[in-house]
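Structural characterization, general
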Amino acid sequence: MGVSQMNLPAAEGHEEHDEARAGAGTALPPERYLDREESWLRFNERVLELAEDESVPLLERVRFLAIFATNLDEFFMVRVAGLVRRMVAGFPVEGTGLQLPGQVLENTLELAGELTVRHARAFSERVGPELAEHGIEILRWKELSATERDTLGDLFRKRIYPVLTPLVVDPAHPFPFISGLSLNLAVMIADPRTDATVFARVKVPPLLPRFLAVSQYRFVPIEDVIAAHLTDLFGDVEIIEQHAFRVTRIRDLEVDEELTENLLQAMERELVRRRFEPAVRLEVEDTMSADVLDRLVTELDIDHRAVYRVPGPLDLSGLFTLADLNIGELKYPAFVPSTRAVSKDNSIFTAISESDILVHHPYDSFAASVERLIDEAADDPRVLAIKQTLYRTSGQSPIVDALIDAAEAGKQVVVVVEIKARFDERANIAWARKLEEAGCHVVYGFVGLKTHAKMALIVREEPDGTLRRYCHLGTGNYHPTTARVYEDYGLLTADPAVGEDVSALFNHITGYSRTGSYQRLLEAPEAMRSGIVSRINRQAERHRAGQPARIAFKTNALVDEAVVDALYRASQAGVAVDLWVRGICALRPGIPGLSEHIRVRSVLGRFLEHSRIYAFGTGEDEDSEVWLGSADMMHRNLDRRVELAVQVVDPGHQRGLRRFLDIGMDDGTASWWLNGDGHWTRHSRDEAGNPLRDVQETLVRERRVRSADD
């Protein structure tokens, strides 16, 4: 059934409803949700469109190709793996779509395959040739000069050969385990002594560069160098054929915390076990023979629909090396974040005590605001305690170093480390141990919940002897590296109400104390969903009563059915709803009788749009509110994580956030528009062919103008 043929209910009338009735409403059509797996793949398709866009600087297009590759790796390790597990266990697919799990998996694998081929061709047929025009080349072995081959031969013997382990499969040697995301060579060998043909596998060492530099801008895939020297590995045999292949395995962690006394040790054991999870994807070069491919499919026991033949080279996540080449004219113009958000004239505590400070990264410097706050707190003798959550941070983290310095200086330091942060588990385990050794109190959060909230609390004795609490609450991680490329907001405040709320939430996390309600916070899993839904319903009630009403969200994902249904009913009531969604969106906009008042837009570009903003009302009425938070509207955020959103009360900050939302949703802004059938249409030029406004470049220019005015 097409979306235009849905059997939709009439919009609700204008009679008065309490929140419960407004939340329940009339029956909504069962086809109202878009499939989340397809929606995620459509997001990655938008990343690919940027790689294909000739108006984007060339090396940035290379970066988008690499981002697409790493995104798809994670999608298979987590989302496809989850589908497979649910099918094997007989569980339904998460969500309330009408498709059976098998159909969802089939559609997902088919679309992923189409995008995989498109991605490989985008590199081989478009981006690769354009790189060559600028003297940047990824060459195959046969394209190298004799001198270059000799140089790489020396490199092979000195640096590569010693770490290779060829594994032959015969009656005495079973088929080897192929680790997830490893690059391998499948080699068919003819043994002259027995006339037998045997299969062998050579694993490409993961710690060596993906693309070896032949000269400054000439590279060759490492597997080509290994393939050219296979006789050095196997001796006096005939190499019949050799082909690269790559396997993806399930990579979701499963730890029964209720039965585990030491979560840190359990996580370390789970990381070792995870290497042996089932395979969910096989990528091979399109030159691979049918016999070799059949052998791999059989030995790996993989669904034939999850086998993708693509032009080589495989594993284009290695293109990050090329994207990082220092060729300024092929990249986005250099940008230096503004340091004006926080006054440099006095201590940061003086600045925050005077008024709330709203910082917008990467346009406002993370180092000059958030890092500065923690640094000054560590050094200030008046600071008695620091409490902070760490979900992800960088390898060399100034914030972690500052927390260690504070603990060694005798301050009370409490750090909630989320060691189950997906793909950062090893790094967070290392940080947890380092913090513990320095004397910090390290807490791992709740059983069964990830602590995803971004908050820091500093308790300081003021000159008059009173204690004052200073807080930072943000939408992004305390990660200095990603803060330069992730778009996020942070609120610095000394508001007593926020201080009491954050203190109570930390006590809840570390000591399991309970609080009845918060003054300026919404917290998941207790009250986030109900708080958002009740505010959506309130806007619907206002519109029915003839009062101004509006809803505007910016989020990374919109999947939760309760929130989606509340937005549908708000639209039915006539409320204008603007949704700026970077990634997955389960809501169908523009459906008559259901969502004709809802617009959904997506912005992708130089920076990763990462902030979450939830605005209610027009900004001119008494019910208007603006919230910033760490949570997307997803089951995992609202049910299985500790999240928070803080209400922004400063009128100037509210206006700035609403202006930001309006720019993102404006028809004159370059963006993708979601259609009711789940497809996204790119709008990047006006009717005359001129580029539309780039919201990110607009903010970059504004910061440059302000800096020039200093």
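Residues numbered from 1 in each chain as written. Predicted model: local features only at pLDDT ≥ 70, side-chain atom pairs only at ≥ 80, totals over all residues. Heavy atoms only, no water.

With that out of the way, let us pick up the nonpolar core. Ranked by size, the top nonpolar core spans 111 residues in total, and within it Leu 282 and Leu 567 carry the most contacts. It is helix 3 (residues 58-89) that provides the largest number of residues to this core, a total of 13 residues. Excluding anything up to four places from it in sequence, Leu 282 contacts Phe 245, Arg 246, Val 247, Leu 293, Leu 296, Val 297, Leu 300, Ile 302, Ala 306, Val 307 and Tyr 308. Counting 44 residues, the second largest nonpolar core, distinct from the first, contains Trp 580, Phe 660, Ile 663 and Val 700. (Core = buried A, V, L, I, M, F, W, Y, C linked by side-chain atoms within 4.5 Å. Buried < 20%, exposed > 50% of the residue type's maximum accessible area, 1.4 Å probe, protein only. Helix = DSSP H or I, 4+ residues; strand = E, 2+ residues; numbered from the N terminus. Contact = heavy atoms within 4.5 Å.)

A separate point is the sheet that holds strand 4 (residues 196-203). If you trace the six strands from one edge of the open sheet to the other, you get 2-4-3-7-8-9, paired in mixed fashion. Each edge of the open sheet carries a strand with a single partner, namely strand 2 (167-169) and strand 9 (307-310). On average, each strand axis in the sheet is inclined to that of its neighbour by 30°, with strand direction left out of account. Against the sheet, helix 9 (residues 290-300) makes contact with strand 2, strand 3 (183-191), strand 4, strand 7 (238-249), strand 8 (279-285) and strand 9, and its axis sits at roughly 165° relative to strand 8, the strand it touches most. (Pairing = 2+ DSSP bridges. Axes fitted to C-alpha atoms, helices over the stretch in contact; angles between N-to-C directions.)

Next up on the list: the confidence of the model for the chain. Chain-level statistics for the chain give a pLDDT mean of 89 and a share of 88% at 70 or above. In the predicted structure, residues 253-261 sits below a pLDDT of 50 and forms 20 contacts with residues beyond four places in sequence or in another chain. Every residue in residues 270-276 is under pLDDT 50, and counting partners more than four places away or in other chains gives 16 contacts. (pLDDT = per-residue confidence, 0-100.)

Another aspect to go through is the sheet that holds strand 5 (residues 211-213). Consider a sheet: its strands pair through backbone hydrogen bonds, and that pairing is either parallel or antiparallel. In spatial order, the strands read 1-6-5; together these three strands make up an open sheet with mixed pairing. Of all the strands in the sheet, just strand 1 (137-138) and strand 5 have a single pairing partner and so form its edges. One ladder, built from three bridges, connects strand 5 with strand 6 (residues 218-221); its direction is antiparallel. Across the sheet, the residue bridging to Ala 213 is Phe 219, located in strand 6.

Our next topic: helix 12 (residues 367-379). Between its terminal C-alpha atoms helix 12 stretches only 16 Å, short of the 18 Å expected from 13 residues at 1.5 Å a residue. Maximal helix bending in helix 12 amounts to about 30°, located at Leu 373. Three or more residues of helix 12 are buried, namely Ser 369, Val 370, Glu 371, Arg 372, Leu 373, Ile 374, Ala 377 and Ala 378. (Expected span 1.5 Å × (residues − 1). Bend = angle between axes of the 7 residues up to and from the residue.)

Let us look at unusual backbone geometry. Omega for the peptide link from Gly 312 to Pro 313 comes to 0°, which places this bond in the cis form. With respect to the helices, strands and loops of the structure, Pro 313 is situated in the loop between strand 9 and helix 10 (320-323). Pro 525 follows Ala 524 through a cis peptide bond whose omega is 10°. Structurally, the position occupied by Pro 525 is in the loop between strand 18 (521-524) and helix 16 (528-544). The phi dihedral of Leu 181 is positive, around 65°, even though this residue is not glycine. Structurally, the position occupied by Leu 181 is in the loop between strand 2 and strand 3. Although it is not a glycine, Asp 301 adopts a positive phi angle of roughly 55°. Examined against the element boundaries, Asp 301 turns out to sit in the loop between helix 9 and strand 9. A relative accessible area of 68% places Asp 301 in the exposed class.

The next point concerns the pattern of salt bridges. Counted by the stated rule, this structure contains 52 salt bridges. Here Glu 148 ties to Arg 218 by a salt bridge, and the two come within 2.8 Å at their closest N and O atoms. Of the two residues, Glu 148 is situated in helix 5 (residues 146-160) and Arg 218 in strand 6; the sequence distance between them amounts to 70 residues. According to the relative accessible area criterion, Arg 218 is partly exposed, its value standing at 21%. (Salt bridge = Lys/Arg side-chain N within 4 Å of Asp/Glu carboxyl O.)

Of all the five residues making up strand 10 (residues 357-361), five are buried; the element is thus mostly covered by neighbouring parts of the structure. Where strand 10 meets strand 17 (residues 486-493), five bridges bridge the pair, whose relative direction is antiparallel. Each residue of the ladder has a partner; that of His 361, found in strand 17, is Asp 488.

A few words on the packing of aromatic side chains. In the structure shown here, the tally under the stated rule is 14 aromatic pairs. Centroid distance Tyr 489 to Phe 660: 5.8 Å. Interplanar angle 70°. Geometry classified as edge-to-face. Of this pair, Tyr 489 sits in strand 17 while Phe 660 is found in helix 19 (residues 651-665), placing the two residues 171 residues apart along the sequence. Ring-pair connections join several aromatic residues into one group, and the members of that group are Trp 40, Phe 43, Phe 75, Phe 76 and Tyr 308. (Phe/Tyr/Trp six-rings, centres within 6.5 Å; stacked < 30°, edge-to-face > 60°.)

Below, the discussion takes up a negative patch on the surface. A surface patch of negative charge is lined by Asp 375, Asp 379, Asp 405 and Glu 408. At the level of secondary structure, the elements contributing two or more residues to the negative patch comprise helix 12 and helix 13 (398-408). For Asp 375, the position within the fold is in helix 12. (Patch = residues over 30% accessible without salt bridge, like charges linked within 9 Å, V, L, I, M, F, W, Y side chains within 5 Å. Areas by Shrake-Rupley, 256 points an atom, 1.4 Å probe, with all protein chains shown as cover. Lys, Arg positive; Asp, Glu negative; His and termini not counted. Charge placed at Lys NZ, Arg CZ, Asp CG, Glu CD.)

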